Amino acid sequence: MNNVWYFFLAFNIPSGIFYAVIAAVAVVCLAGGGAVGVLLYRNYRTKKVGSTQQQANSIIEFAKEEAKSLKKEAIQEAREETQKLKNEQERQFRERNGELSKQENRMNQKEEALDKKEELLLRKLDQIDLQQKDVISKQNELTKRQQELDKSEQKIQHELERVAGLSQEEAKQILVDEMVTDARKEAAAIVRKIESEAKANGEQKAREIISTAIQRCASDQVSETTVTTVPLPNDEMKGRLIGREGRNIRALENATGVELIIDDTPEVVILSGFDPVRRQIARIAIEKLITDGRIHPARIEEMVEKVRRDMDITIKDEGEAASFDTGVFGLHPELIKLLGRLKFRTSYGQNVLRHSIEVSYIAGIMASELGLDVTLAKRGALLHDIGKAVDQEIEGTHMQIGADLAKKYKESKEVVNCIASHHGDVEPMTVEAVIVAAADAVSGARPGARRESLENYVKRLEKLEEIANSFKGVQKSYAVQAGREIRIIVKPEEVNDETTVLLANDIARRIESELEYPGQIKVNVIRETRSVDFAK
C-alpha cells in the first residue's frame, strides 16, 4: 500500500485519483470474495467430497491470485489515467505559454507604435512653439503699425476738422441726415411706383365692384328715427295722464319702465328711456289710452300688457321679414327676436335694422362679384350689429356683445369673426369678414345715411385740420366736403414731390388712429411752385 502511495506521489498524481484507485481495488476484492463464497457453496452442494479445510485453502489461494490480478489491472489503469492527465496538463501549459508569447509580442509592437507617436507629437509641439512665437512677433508688429495708423488718422481727422470747420459728430450728423433724406426720397419713389401699379390693376376693379353693389342696393335716402314725443289732442289730456295725486303717471312709468316728462310744452308728452322698445311700447299705449278715453291704473296696466304682447309679435315678424328679405335662413329664434328689436334702434340717425339689411345686400353682391361665399357674407353682414339690440343692458362694445350672442346661439366661428372684426377691433379671419367691414362702411358713408350733431361735426373738422397742421412742412390745411376730404398745402422749399407721398400716408395713418368717423377721409397733399416777375 505504501508503495502505491509513493508511486502516486512520484508522478504528482492528485490524491483524489489515489483514493479512487483504492476504492476500485476494494470493490474488486469484495467481488472476488463473493465469487469465492459462491464457489465454495456450489462445491459443497455438488460434490460434498473432500475436506472443508482443503476447499477453503484452495479457495483462498484462488482468491488471492484473483485479487493480485485485479490489483495489477487497477494499478495499470491508474497509471494510464495518470499519464493522460499529465499529457493534458502539459498540452495546456504549452498553449498558455504560446498565448502569453503572442500577447507579449503585441504589447511590444504597441509600445513601439506609441514611442513613434510620442516622438512625432514632440516634433509637432516644437513646430507649434516656433509658429506661436512667430505669430506673437507679427502681432506685436501689427499692434505697433495700428498705433501708428491711429495716430495718423487722428492727425488727418484734426486737419480735416480744422479745414472744414466741423467736428466729427457734426460731420456724422450731416452724413446721416443726407442718407436719411436720400432714403426717404428713394422710399417715396418706390411707394409712388407701387401705388401707381396697384391703382392701375386694382382701383378700377374695386370701383366696379363697389359701384355695382351700391347701384343694385335700393334703399331709402331718408333715415327713420324713433319717436320720443307723443302728441296730445289738448292740454287737458296732460291732467288726465297725471291722474289724481299722480297715480296714472306712476302706473304708466311702473308698467313701461319709461319716464314721462310733462312740462310746459303745449300738447306734447316726452318719453325718456334708454330702451327703444320700451319707449315704443309706452308711446303706443299712451296713444291707445287717449283714443280709448278710459285712463286709470287698472286700464293702463291692461293696455300696456296688450301692447307688449303685440310688440313681441311685431318684433318677431320684423326679424323674420329681415331674414326672408336677405335670404339668410336657419337663424336661432332668439336671434330673430334680437333682429326685430333693431327696428326700434338708431345709430347716428340711421335705423339699425334697415342698415343691417342694406349691409347684407351689399356684402352679398361684393362676394358674388369676387367669387366668394355669398351665404357667409350675407349672414355675417345681417348679424354684424346684433349687439346693438341689447347694448343698453349689457356692458361692452356692440361688436363684443354681438360676437358673444352669436357664439351662444351656435353660429359658426366665421360668422362670429365677421361680427367681432367689422370695426377693426379683431383681425379678420376670412375675406368675407373684410367684405362685411367694407359693406358696413359703404352703407354708413353714403349721403344722407347718418347724421351727427353740429358740435361734433365742427370738432371733427377742427381736429382734422389740427392733425394736418402738426406735420413739418405743412403750410395750410382745409377740411372740405363735410369732412370727407382734407386738402393740405405744403411748403415747396421743404417738401419735394417724392416726400408728398409719404406725408399723405403719414397723415392718413394719424387720422385713422386718432379720429372716429363714418366712411373714409381723402387726404389730398398739394405742392406747387410759383415764379412771379413784373414787366416795367
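Since we're looking at a predicted model, the values are computed, not measured.

A. Region of the structure containing the overall build of the protein. Along the backbone of the protein there are 16 helices and eight strands. Expressed as a percentage of the 536 residues in the protein, the buried residues total 30%. In the protein, of all internal contacts separated by at least 6 residues, the share reaching a separation of at least 24 is 61%. Counting only carbon and sulfur atoms, one obtains 52% of the accessible surface of the protein, whose full area is about 35400 Å².

B. Representation of the packing of helix α8 (residues 297-326) against helix α9 (residues 333-341) within the structure. Look at α8 against α9: their axes get within 7 Å of each other, and the N-to-C directions meet at 100°. Taken as axis vectors, α8 and α9 run roughly perpendicular relative to one another. Contacts from Ile-315, Lys-316, Glu-318, Gly-319, Glu-320 and Ser-323 in α8 reach Ile-336, Lys-337, Leu-339, Gly-340 and Arg-341 in α9. Among the residues making up the contact of α8 with α9, the classes are represented as three nonpolar, three polar and five charged.

C. Representation of the environment of Gly-293 in the model. Residue position: Gly-293 is located in the loop between α7 (276-292) and α8. For Gly-293, a relative accessible area of 24% corresponds to the partly exposed category. It is 9.6 Å that separates the C-alpha atoms of Gly-293 and Met-237, two residues lying 56 residues apart in sequence.

D. Just the pattern of salt bridges, in detail. Scanning all chains against the criterion turns up 22 salt bridges. Asp-292 serves as the salt-bridge partner of Arg-294, at 2.8 Å between the closest nitrogen and oxygen. The class for Arg-294 is partly exposed, based on a relative accessible area of 47%. Of the residues examined, Asp-292 reaches a relative accessible area of 30% and is grouped as partly exposed. Note that Glu-512 and Arg-509 form a salt bridge whose closest N and O atoms lie 2.9 Å from each other. You can see Glu-512 and its partner Arg-509 sitting in helix α16 (residues 497-514), three residues apart, about one turn around the helix. Given a relative accessible area of 47%, Glu-512 falls into the partly exposed group.

E. The arrangement of the confidence of the model for the protein in detail. Per-chain confidence: the protein averages 79 in pLDDT, with 81% of residues scoring 70 or above. This model gives residues 218-227 a pLDDT under 50, and the stretch forms 22 contacts once residues within four places in sequence are excluded.

F. Seen up close, the sheet that holds strand β8 (residues 522-526). Taken together, three strands build an open sheet; the order of strands is β6-β7-β8 and the sheet is mixed. Only two strands of the sheet have a single neighbouring strand rather than two, namely β6 (474-480) and β8. Neighbouring strand axes in the sheet, compared pairwise and without regard to direction, differ in orientation by 20° on average. Strand direction decides the pairing type here: strand β7 (residues 485-490) and β8, joined by five bridges, are parallel. The residue bridging Glu-485 from the neighbouring strand is Lys-522, located in β8.

G. Molecular detail of helix α10 (residues 352-370). With 19 residues, α10 should reach 27 Å at 1.5 Å per residue; the first-to-last C-alpha distance of 27 Å fits that figure. Of all 19 residues in α10, 14 are buried, a share of seventy percent or more. Its side-chain oxygen 3.1 Å from the backbone nitrogen of Leu-353, Asn-351 forms the N-cap of α10. One or two steps after α10, the chain reaches Gly-371, where phi turns positive at roughly 75°.

H. How the structure looks around the sheet that holds strand β1 (residues 229-231). Strand order across the open sheet formed by three strands is β1-β3-β2, with antiparallel pairing between neighbours. If you trace the sheet from one side to the other, it starts and ends with β1 and β2 (259-261), each paired once. Taking the axes of each pair of neighbouring strands and ignoring which way they run, one obtains an average angle of 25° across the sheet. In terms of strand pairing, β1 meets strand β3 (residues 268-272) through three bridges, oriented antiparallel. Across the sheet, residue Val-230 finds its bridge partner in β3, namely Val-269.

I. Main features of the packing of α8 against α10. Following both chains from N to C, one finds α8 and α10 inclined at 15°, their axes separated by 10 Å at the closest point. In terms of orientation, α8 lies roughly parallel with respect to α10. Viewed along their axes, α8 and α10 form a crossing whose handedness is right-handed. Residue-level inspection shows Glu-318, Ala-322, Asp-325 and Thr-326 of α8 in contact with α10, the latter providing Leu-353, Ile-357, Ser-360 and Tyr-361. Among the residues forming the contact of α8 with α10, the class breakdown is four nonpolar, two polar and two charged.

Criteria and cut-off values
- Residues numbered from 1 in each chain as written.
- Predicted model: local features only at pLDDT ≥ 70, side-chain atom pairs only at ≥ 80, totals over all residues.
- Heavy atoms only, no water.
- Helix = DSSP H or I, 4+ residues; strand = E, 2+ residues; numbered from the N terminus.
- Buried < 20%, exposed > 50% of the residue type's maximum accessible area, 1.4 Å probe, protein only.
- Contact = heavy atoms within 4.5 Å.
- Areas by Shrake-Rupley, 256 points an atom, 1.4 Å probe, with all protein chains shown as cover.
- Axes fitted to C-alpha atoms, helices over the stretch in contact; angles between N-to-C directions.
- Parallel < 35°, antiparallel > 145°, perpendicular 65-115°, else oblique.
- Nonpolar A, V, L, I, M, F, W, Y, C, P; charged D, E, K, R; others polar.
- Salt bridge = Lys/Arg side-chain N within 4 Å of Asp/Glu carboxyl O.
- pLDDT = per-residue confidence, 0-100.
- Pairing = 2+ DSSP bridges.
- Expected span 1.5 Å × (residues − 1).
- Polar contact = N/O pair within 3.5 Å; in protein donor to acceptor, adjacent residues only side chain to side chain.
- Left-handed = near helix turned anticlockwise from the far one by under 90°.

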